[in-house]
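What the coordinates show
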Amino acid sequence: MPLERQNDDHTGCAAIMIDREIELKLQCTPEAMERLRGAPYLRENGMAVGRKRMRSVYFDTDDLRLGANGFALRLRFTGDKCIQTLKAGNDQTATSVFHDTQEFESLLPCRVDEPDLELLPPPVREKLRKLIDGEKLLPRIESDIDRETIDLRSEGGDLVELAFDAGSVKANGSKADICEVELELKEGCPEELYRIALGFADIVPMRIARMSKAERGFALLQGTATAAVKAEQTDLDKSLSAQEAYELILRDCLLHLLANEGPAFDARLPEGLHQLRVSLRRMRSAFTVFRKEIGGETAEILSAEAKWLGNAVGRARDFDVFAHDILEPVTPAEGEEEAFAVLKRKVEEERARAWSAAGKAIHSQRYSRFVLQLALFLSERGWRAKSSAGDPVTDFAVRALDKRQASVERLGSRMNELDEEERHELRKRLKKLRYTLSFFQSLFGRKKAKPYLKDLSRLQDAFGALNDLATARAILGELAKDDAALQPAVAHVAEFHLARAEREWESVRSLWADFTARPAFWRG
C-alpha cells in the first residue's frame, strides 16, 4: 500500500536520536478511523501492540511560559505507570510537516501529582528553571485518550508505530475532541511516514494535523480565535543555490495552505478561504518560475492539482466578494426593495452551495493525496534539475524577475487599447510578478524594494477591483437569466458600479505611469 521508496539503502537519511521523536499526525473522522482499522494492509503488515487509556496532565506557569517557548511538560498516567515527559521544540520550519521534537522521559511513582525537574538532564533542567524563574508549575491542560498501537515494518526495513487516538483535550473549561492517526518513526527514513499516509489516503480522506495535543490545549487556555494566516515573505540567504531556494519557497507555500485549512473550513472565515486560494496561486507561480531549470513529471502533476483545487474553491471566493463588495454597498431604488431582497437571498443560496462544493474538495481523498504528495516531494527532493539549478539564487532571481517584468511591460505598452480580456490577462501577469517578488525580495533588501512594491501593489489593487466588477457582471447575468423579476434590481446594481469601474480604469492609467517610471530595484 505505501509508495515504494526511491532510495532502498536509506542514502541521505539522518540518524535518528533515541530522544528525538518524529511524528506525522493525521486528523480524520471516527468513521474514517474505523475503516482504516480494517484495512487489509494493516492486517498483512502490522503487528498489534495493544490498547491503553492515557490520562495526561500538562504543567505550566500561570502565564504559560513553557508553552510560549516551545516546551510541553506532562505527566502521563497509564494503568499503574506514570511517565514524566518534556517535549522541546517542534521543528516545522524544515521542509516537512512532521512534528519533530526532542523528548526526555522518566518513570515516576504512580501517585505523584507534580513533575520533578531533577530528573531532567542538567542543561535542560537549568534552562527550564531560568525560564520559570521561581514561578509555580500548575496543572493547566488535561487530555484523556484511548490509544490503539500497531507496529508496521516496511519492505525497506523502516519501523513505524501507528497509533489510533480518540478522546479529548480539556483546558479552561473548554474541550476539543481528538480523532487522530499518528505515525511515529522508530527506525529508518522519515519519508516512509508520508508513503504510509499516502496509502491511507487511498482509503479515506485525512488532513495533516498541524497542532499537537498540548498546542490544542494551549489554544483553549488562551481562548485563541481562529484567524486567517497571510503569506510571509520567504527568507532566502544569498549563499543558497536556485535549487535550495525552490525547496524553501514551495515549503512556505505548503505551510501557508495548511495554516488556512482550519480558518477556511472549520471556522468558515472568508479571509481564510481567500488566503488558502492565495497559497495555491503562489504555489503554481513557484512551479512556473522554476520550471525550465527544476521540475519534472511530479512537479507538473502537483501544479495541475493546485490548479484543480484553486478552481474548486474559486466560486466560493467570488460569491464572498460579490456579497460583501458588490451587493452590500448598494441601496435599493424606491419600489425595488422586494426584488432586491430576492436577489440577496439568491446570492446567499449560491454562496452556500459554492462553499459546500469547496468544502467537499478540501475534505476529499484527492486533496489528502495532493498535500501528502507535495510534502513527500519536498522531503525527498523528488524533482529533476538542470545544472543551472546550482546557480546562485540571486542570479536566478534577477533572470526570473526580468522575465516577469518584461511580460507585464509588453502587454501594458498597449494600455489604452486593451479590451476586457486583455486587462484580465495583464492583472494576472502583475499578480505573478508580485508573487515572484515575494519569493526573492529578501535577497535585495526591503528598503530598496519598498517604493517599487508600493506602486506595484496599488496598481494590482486597482486591477483587482476591475476584475471583481467583471466577475460581478457575470454573476448578475447568471442570477437574472431565468428570473425576469430580478432584472430591475440587477440593472440597479450594475449601474451603481459602472461609475466605479470608470474611476478604477482612470486610476489604473495613472498608476501605470508611476509604476513604469520605477527602476527595477533588483538590477542595482
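Scroll up a little and you will see the structure.
Residues numbered from 1 in each chain as written. Predicted model: local features only at pLDDT ≥ 70, side-chain atom pairs only at ≥ 80, totals over all residues. Heavy atoms only, no water.

Right, let's talk about the overall build of the protein for a bit. Tallying secondary structure elements over the protein gives 16 helices and 11 strands in all. In terms of overall size, the protein behaves like a compact globule, its C-alpha atoms giving a radius of gyration of 27 Å where 524 residues would be expected to give roughly 24 Å. On the principal axes, the C-alpha backbone points of the protein span a range of 80 × 60 × 55 Å. For the protein, buried positions account for 52% of its 524 residues. The long-range fraction of contacts in the protein, counting pairs at least 24 apart against all pairs at least 6 apart in sequence, stands at 76%. (Helix = DSSP H or I, 4+ residues; strand = E, 2+ residues; numbered from the N terminus. Rg over C-alpha atoms; globule rule 2.2 N^0.38 Å. Buried < 20%, exposed > 50% of the residue type's maximum accessible area, 1.4 Å probe, protein only. Contact = heavy atoms within 4.5 Å.)

Before going further, it helps to spend a moment on the pairing of strand 1 (residues 20-27). The buried count for strand 1 comes to 6 of 8 residues, which makes it a mostly enclosed element. Bridge count for strand 1 against strand 8 (residues 174-187) is 5 bridges, and the pairing is antiparallel. Its bridge partner lying in strand 8, Gln27 is registered against Glu180. Pairing geometry for strand 1 and strand 9 (residues 207-208), over 2 bridges, is antiparallel. Considered in strand 9, the bridge of Gln27 is made with Arg207. (Pairing = 2+ DSSP bridges.)

Before going further, it helps to examine the pattern of salt bridges. Summed over the entire model, instances satisfying the criterion amount to 46 salt bridges. For the salt bridge of Glu148 with Arg37, the shortest nitrogen-to-oxygen distance reads 2.6 Å. Here Glu148 is found in strand 6 (residues 138-153), whereas its partner Arg37 is found in helix 1 (residues 30-37), with 111 residues between them in sequence. Among the salt bridges present, the one from Asp320 reaches Arg351, with a minimum N-O distance of 2.7 Å. Placement of the pair is Asp320 in helix 10 (residues 297-327) and Arg351 in helix 11 (residues 337-362), with a sequence separation of 31 residues. A single salt-bridge network, built from bridges that share partners, covers Glu23, Lys25, Arg147, Asp165, Glu180, Glu182, Lys213 and Arg216. (Salt bridge = Lys/Arg side-chain N within 4 Å of Asp/Glu carboxyl O.)

What follows covers the packing of aromatic side chains. One pass over the structure, following the stated rule, counts 16 aromatic pairs. On the numbers, 6.0 Å between centres and 55° between planes, the contact of Phe290 with Phe440 is tilted. In this pair, Phe290 sits in helix 9 (residues 270-290) while Phe440 sits in helix 14 (residues 420-440), placing the two residues 150 residues apart along the sequence. The positively charged end of Arg423 is found above the aromatic ring belonging to Trp505, 3.6 Å away from the centroid. (Phe/Tyr/Trp six-rings, centres within 6.5 Å; stacked < 30°, edge-to-face > 60°. Lys NZ or Arg CZ within 6 Å of the ring centre and 35° of its normal.)

With that out of the way, let us pick up the pairing of strand 5 (residues 99-108). In summary, the side chains of a regular strand alternate between the two faces of the sheet. Summarising burial for strand 5: 7 of the 10 residues are buried, a large majority. As paired strands, strand 1 and strand 5 are joined by 4 bridges and run antiparallel to one another. Looking across to strand 5, one finds that Glu23 is bridged to His99. Pairing analysis gives 7 bridges linking strand 4 (residues 81-88) to strand 5, with the strands arranged antiparallel. Following the sheet pairing, Leu86 is matched in strand 5 by Phe104.

One broad rule of soluble globular proteins: the nonpolar side chains tend to lie buried together. In this structure, Leu24, Val181, Leu183, Phe200, Phe370, Phe377 and Phe440 are the most contacted members of the largest nonpolar core, which totals 113 residues. Top contributing element to this core by residue count: helix 7 (residues 242-259), with 10 residues. (Core = buried A, V, L, I, M, F, W, Y, C linked by side-chain atoms within 4.5 Å.)

For helix 5 (residues 191-201), the buried fraction is high: 11 of the 11 residues fall into the buried class. For helix 5, the full list of buried residues reads Glu191, Glu192, Leu193, Tyr194, Arg195, Ile196, Ala197, Leu198, Gly199, Phe200 and Ala201.

Throughout this description, disulfide means a covalent bond between two cysteine sulfur atoms. Counted by the stated rule, this structure contains 0 disulfides. Free cysteine Cys179: the closest other cysteine sulfur is in Cys28, separated by 4.3 Å. On the accessibility criterion, Cys179 (13% relative accessible area) is buried. (Disulfide = S-S within 2.5 Å.)

Attention shifts here to empty space enclosed by the protein. Per the counting criterion, the structure on display carries 1 cavity of 30 Å³ or more. The calculated volume of the largest cavity comes to roughly 40 Å³. Those elements that place two or more of their residues in the lining of the largest cavity are strand 9 and helix 12 (365-379). Considered class by class, the residues forming the lining of the largest cavity number 6 nonpolar, 1 polar and 2 charged. (1 Å grid on protein atoms, 1.4 Å probe; cavity = no way out; pocket = protein on both sides within 12 Å on 5 of 7 lines; lining within 4 Å. Points joined across faces, edges and corners; volume = space filled by probe spheres on them. Nonpolar A, V, L, I, M, F, W, Y, C, P; charged D, E, K, R; others polar.)

Assignment of secondary structure puts Lys213 in helix 6 (residues 213-222). Every residue in contact with Lys213, bar those within four places of it in the chain, is listed here: Lys25, Tyr58, Ile145, Arg147, Asp165, Val169, Ile178, Glu180 and Glu182.

A word on unusual backbone geometry. Of note, the phi angle at Arg268 is positive, near 55°, even though the residue is not glycine. Its identity as a non-glycine residue notwithstanding, Arg381 has a phi of 50°, on the positive side. Mapped onto the elements, Arg381 comes out in the loop between helix 12 and strand 11 (384-385).

The next point concerns the side chain of Ser279. Along the chain, the position of Ser279 falls in helix 9. The class of Ser279 is buried, set by a relative accessible area of 0%. In this view, Ser279 contacts Cys253, His256 and Leu257; residues no more than four positions away in its chain are not counted.

Before going further, it helps to examine the packing of helix 10 against helix 11. Direction vectors running N to C along helix 10 and helix 11 enclose 155°, while the axes themselves pass 9 Å from each other. Classified by the angle their axes make, helix 10 and helix 11 are roughly antiparallel. The two elements helix 10 and helix 11 meet at a crossing, and its hand is left-handed. For the pair formed by helix 10 and helix 11, the contact residues are Trp308, Leu309, Ala312, Val313, Arg315, Ala316, Phe319, Asp320, Phe322, Ala323 and Leu327 on the first element and Phe340, Leu343, Lys344, Val347, Glu348, Glu350, Arg351, Ala354, Trp355, Ala358, Ala361 and Ile362 on the second. (Axes fitted to C-alpha atoms, helices over the stretch in contact; angles between N-to-C directions. Parallel < 35°, antiparallel > 145°, perpendicular 65-115°, else oblique. Left-handed = near helix turned anticlockwise from the far one by under 90°.)

Note that every value here comes from positions in space, so none of it alone points to a role or purpose.
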